[in-house]
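Overview (structure and organization)
Residue strings, one per chain:
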Amino acid sequence: MSPKSLQRGNLSSPTMFLLLGFSNAYRAQMTLCLCFSLIYLVTVVGNLLIVTLVWLDAHLHSPMYFFLGHLSFLDICYSSVTLPKILGDSFSPQKTISFVGCITQIYFFLCFGGSECVLLAAMAYDRYLAICNPLHYPVLMSKKMCHGLVAVSWLSGSSSSLIQAFLTARLPFCGSNMVNHLFCELPFLLKASCSPNAPLNKAALYALAGTIAMGSFLLTLMSYVHIIRAVLQKGAGTQRAFATCTSHLTVVSLFFGAGAVAYLVPHSSGSKEMDEGLALLYAVVTPMLNPIIYSLRNNEVKGAIRKALRRGVSQISKG
């Protein structure tokens, strides 16, 4: 039988207090809240800036930046699933969430995460066509193809997460209904289930999530194998084109690397702080870093930012 509400882990663990060096728990709690609020603000503002630049600047109306705009929008949604609730819980003595709310959080978290996996693979495929087939690139990566790849990423993420959320919602929960984590995440919710079939459900759910994640990662890896081979064979001209891949490679390494460590490393009962740290890395920190990586390592994005700033200063001076 499903419970009406679930209790969740506290944001303010003793280890975090020790690292911060505060003897007062309230001060440490407020400091953590301030940090997470700042992270969320930077995430939303940074990714919203990328979306706006891609939409307004004609120089960024290309497939690469079309995908980048959707990636930034996904990052805003991805972090908004967890961070506002974490911040709200930090001011409440009881960290609870309704069962429906928990399943909903799992659905959207997996939906946006799965969609981002597929979208990163699509971005790698775009770079493969641009570098390995430059003459046919405008035809192969047409506007119709771009919209199709984005639609596939959203459909893949939403359909797989819907199945996983539905299967999880059917599990029985009993006892304390305690989810020992910062937010509702699949492995920790399965731990709270008292179903004898929980290991079987866990295997099925992991297989479904792994199909999306591993399939996207392998497609990304194959694209870059061909790209690196082309760079080594064709010389300097292709090496300059490869510079457009460095930001994407950095984002891919962060996203898949953090996710792999979080889900493949065994979750022991004595590593709660480690589990929470890994969850925050791929659910909170990575969406914040993506716009920073693209703005710092991409000359066209930096040029669009400077142009937008000059336009804003000019309008303010005229007003």
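Looking at an unreviewed UniProt entry, one finds the chain named Olfactory receptor, with Pelecanoides urinatrix as its source organism. Recorded in UniProt for the chain, the comment headed Subcellular location (unreviewed entry) runs: "Cell membrane". For the record of the chain, the UniProt heading Sequence similarities (unreviewed entry) holds the text "Belongs to the G-protein coupled receptor 1 family."

**Overview of the overall build of the chain**
Along the chain, the regular secondary structure elements total 12 helices and 3 strands. Residue burial in the chain is summarised as follows: out of 319 residues, 46% are buried. Taking the intrachain contacts of the chain between residues at least 6 apart in sequence as the baseline, contacts between residues at least 24 apart amount to 77%. Accessible surface computed for the chain: about 16,000 Å², of which carbon and sulfur atoms make up 70%.

**Some words on the nonpolar core**
Ranked by internal contacts, the top residues of the largest apolar core, which has 53 residues, are Phe 67, Leu 71 and Leu 120. Elements that contribute at least two residues to this core include exactly helix H2 (25-56), helix H3 (63-90), helix H4 (99-132), helix H6 (143-169), helix H10 (246-264), helix H11 (272-297) and helix H12 (299-318). Per element, the largest residue contribution to this core is 12 residues, and it comes from H3. The contact partners of Leu 71, leaving out residues within four places of it in the chain, are Glu 116, Leu 119, Leu 120, Met 123, Val 251 and Tyr 294.

**Structural notes on the state of the cysteines**
Taken as a whole and assessed by the stated rule, the structure comprises 0 disulfides. Sulfur of Cys 245: no disulfide; nearest cysteine sulfur belongs to Cys 132 and is 9.0 Å away. Among the residues examined, Cys 245 registers a relative accessible area of 0% and is labelled buried.

**Concerning the UniProt feature "transmembrane region" (unreviewed entry) in the chain**
Taking the UniProt record as the reference, the feature "transmembrane region" (unreviewed entry) is found at residues 37-58, 106-125, 146-167, 205-229, 241-265 and 277-296. Note that residues 205-229 is 100% helix and 0% strand, and that its end C-alpha atoms are spaced 36 Å apart.

**Some details on the packing of aromatic side chains**
What the rule picks out here adds up to 10 aromatic pairs. Connected via pairs of aromatic rings, a cluster forms that spans Phe 73, Tyr 107, Phe 108, Phe 112 and Trp 154.

**So, the pattern of salt bridges**
Considering all chains together, one arrives at 1 salt bridge under this definition. Close ionic contact of Arg 127 with Asp 126 constitutes a salt bridge, the shortest N to O distance being 3.0 Å. Classification of Arg 127 as buried rests on a relative accessible area of 9%.

**Quick notes on the environment of Val 231**
Note on placement: Val 231 falls in helix H8 (residues 198-234). C-alpha of Val 231 to C-alpha of Cys 132: the two residues are 99 residues apart in sequence and 8.7 Å apart in space.

**Brief notes about the environment of Leu 129**
Of note, Leu 129 is situated in helix H4. Apart from residues lying up to four places away in sequence, Leu 129 is in contact with Pro 134, Tyr 137, Leu 140 and Met 141.

Cut-offs used in this document
Residues numbered from 1 in each chain as written. Predicted model: local features only at pLDDT ≥ 70, side-chain atom pairs only at ≥ 80, totals over all residues. Heavy atoms only, no water. UniProt positions renumbered as here; feature names shortened; annotations may be inferred. Helix = DSSP H or I, 4+ residues; strand = E, 2+ residues; numbered from the N terminus. Buried < 20%, exposed > 50% of the residue type's maximum accessible area, 1.4 Å probe, protein only. Contact = heavy atoms within 4.5 Å. Areas by Shrake-Rupley, 256 points an atom, 1.4 Å probe, with all protein chains shown as cover. Core = buried A, V, L, I, M, F, W, Y, C linked by side-chain atoms within 4.5 Å. Disulfide = S-S within 2.5 Å. Phe/Tyr/Trp six-rings, centres within 6.5 Å; stacked < 30°, edge-to-face > 60°. Salt bridge = Lys/Arg side-chain N within 4 Å of Asp/Glu carboxyl O.

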